[in-house]
Amino acid sequence: MKSITLRRPDDWHLHLRDGAMLEGVIGDTSRHFGRAIIMPNLVPPVVTTADAIAYRERIVKAIPPGDRFEPLMTLYLTEHTSPDDVEEGKNSGLIHAVKLYPAGATTNSHGGVRDMDKAMPVLERMAKIGLPLCVHGEVTTPEVDIFDREAVFIETVLEPLRKRLPELKITMEHVTTQDGVDYIKASKANLAGSITTHHLIINRNAILVGGIKPHYYCLPVAKREEHRLALRAAATSGDKRFFLGTDSAPHVDPLKECACGCAGVYTSVNTMSCLAHVFEQDNALDRLEAFTSLNGPAWYGLAPNEETITLVKRDEPVSFPAKIETGDGTVTVFDPMFPLHWDVA
Ligand SMILES: [Zn+2]
């Protein structure tokens, strides 16, 4: 039997939601992961340090007894975010990043930033105090094709911002294109990227071939095969600038399976099994730990987790639930469309 032991992984991009959904999903992350960067796009969003303190308390209360899990809080950047509040949040050890959503880019992002000039005072303060900016790297202008949003964001938002404020540390979250990978690799400093589990496994055919498959729809949307291969090469390379951010994003089935379905793929349940499969396929199992457990903490200025987890490869496929039940309703679990043999022991 094959097995591999890793430092306990962290998830550098996670949606836990709130209320009954939070209670229904958090155990799927805290079972395997030590920490996670928690996305602030609630309704209403987490915009101040006080909001983040209150949200953190609700998360901690929902952690299943016995699990040791630390939520790393973020703030939702608005045109009115106070630089002093952000600095106090960082100094208190609570706030680990601020998140930029271009207005309208994804679920609950209508409050995002329209005019970057208005966000400059807070971004300048973040550069000064060394607090990373997490970006959802897509433009939302209607004339840009949805498959080109990331490349256009790099050219029209990210590159100008990095020129204007080179000291600002930026995490390009859920990179989905060769363009994004190349841009990160070409950077000299202060830029890194997270990659999701599902973008390593699916391309856009998963959503569109043989009928529309809403459970593979997420934002940024999966792209062509060549982009998926570029993401795999980056993730499995060991390059310190790439790390796991699952973007696991639960929605109840009725909100996915309808005429205007929500974006989001729920991967918390089987992420480690999927990743072990991907890394083994690419002869890179020895670099899985860097991607899931080492590169992320180094980027965010934290030590790797002390604890370890062991993955074992079973002869028979491991069975995962197709759906989970939450107090809000049923959530469909990501189906990688191949049998999974790796299991967290
Ligand atoms: Zn997300």
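Parameters at a glance
Residues numbered from 1 in each chain as written. Predicted model: local features only at pLDDT ≥ 70, side-chain atom pairs only at ≥ 80, totals over all residues. Heavy atoms only, no water. UniProt positions renumbered as here; feature names shortened; annotations may be inferred. Polar contact = N/O pair within 3.5 Å; in protein donor to acceptor, adjacent residues only side chain to side chain. Pairing = 2+ DSSP bridges. Helix = DSSP H or I, 4+ residues; strand = E, 2+ residues; numbered from the N terminus. Axes fitted to C-alpha atoms, helices over the stretch in contact; angles between N-to-C directions. Contact = heavy atoms within 4.5 Å. 1 Å grid on protein atoms, 1.4 Å probe; cavity = no way out; pocket = protein on both sides within 12 Å on 5 of 7 lines; lining within 4 Å. Donors = N, O, S within 2.8 Å, 3.2 Å for Na, K, Ca; no water. Buried < 20%, exposed > 50% of the residue type's maximum accessible area, 1.4 Å probe, protein only.

Going by the annotation in an unreviewed UniProt entry, the name recorded for the protein is Dihydroorotase, with Rhizobium skierniewicense given as the source organism. UniProt, in its Subunit (unreviewed entry) section for the protein, records the words "Homodimer."

So, the UniProt feature "active site" (unreviewed entry) in the protein
Per the UniProt record, the feature "active site" (unreviewed entry) sits at Asp247. Polar side-chain contacts of Asp247 include one of 2.9 Å to the side chain of His15.

Some details on the sheet that holds strand E8 (residues 191–195)
Hydrogen bonding along the main chain pairs the strands of a sheet, whether they run parallel or antiparallel. Strand order in this open sheet of eight strands is E2-E3-E4-E5-E6-E7-E8-E9, and the pairing throughout is parallel. In this open sheet, the two strands that pair with only one neighbour each are strand E2 (10–14) and strand E9 (242–244). Each neighbouring strand pair of the sheet contributes to a mean axis angle of 30 degrees, computed without reference to strand direction. Examined bridge by bridge, strand E6 (residues 133–135) and strand E7 (residues 170–172) share three bridges and lie parallel to one another. When the bridges of E7 are listed, Leu133 appears paired with Ile170. Strands strand E3 (35–38), strand E4 (70–76) and strand E5 (95–100) of the sheet are contacted by helix H2 (residues 49–62), whose axis makes an angle of about 150 degrees with E4.

Some remarks on the UniProt feature "binding site: substrate" (unreviewed entry) in the protein
Annotation from UniProt places "binding site: substrate" (unreviewed entry) at His15, Leu16, Arg17, Asn41, His136, Leu219, His251 and Ala263. The annotated residues named above include His15, Arg17, Asn41, His136, Leu219 and Ala263 as those lining the largest cavity. For Leu16, the location among the structural elements is in the loop between E2 and helix H1 (19–30). Looking at where His251 falls in the secondary structure, it is placed in the loop between E9 and helix H9 (253–256). Among the polar contacts listed, one links the side chain of His251 to the side chain of Arg17, at a separation of 3.2 Å.

With respect to the coordination of the zinc ion
Coordination angles at a metal have ideal targets, namely 109.5 degrees for four tetrahedral donors and 90 or 180 degrees for six octahedral donors. Those protein atoms acting as donors to the zinc ion are His13 (NE2), His15 (NE2) and Asp247 (OD), and they sit at 2.1 Å. Motif for the zinc ion, donor spacing along one chain: H-x1-H-x231-D. Taken together, the positions of His13 in strand E2 and Asp247 in the loop between E9 and H9 put the pair 234 residues apart, joining distant regions of the chain. What makes His13 buried here is its relative accessible area of 1%. Judged by its relative accessible area of 6%, Asp247 falls in the buried class.

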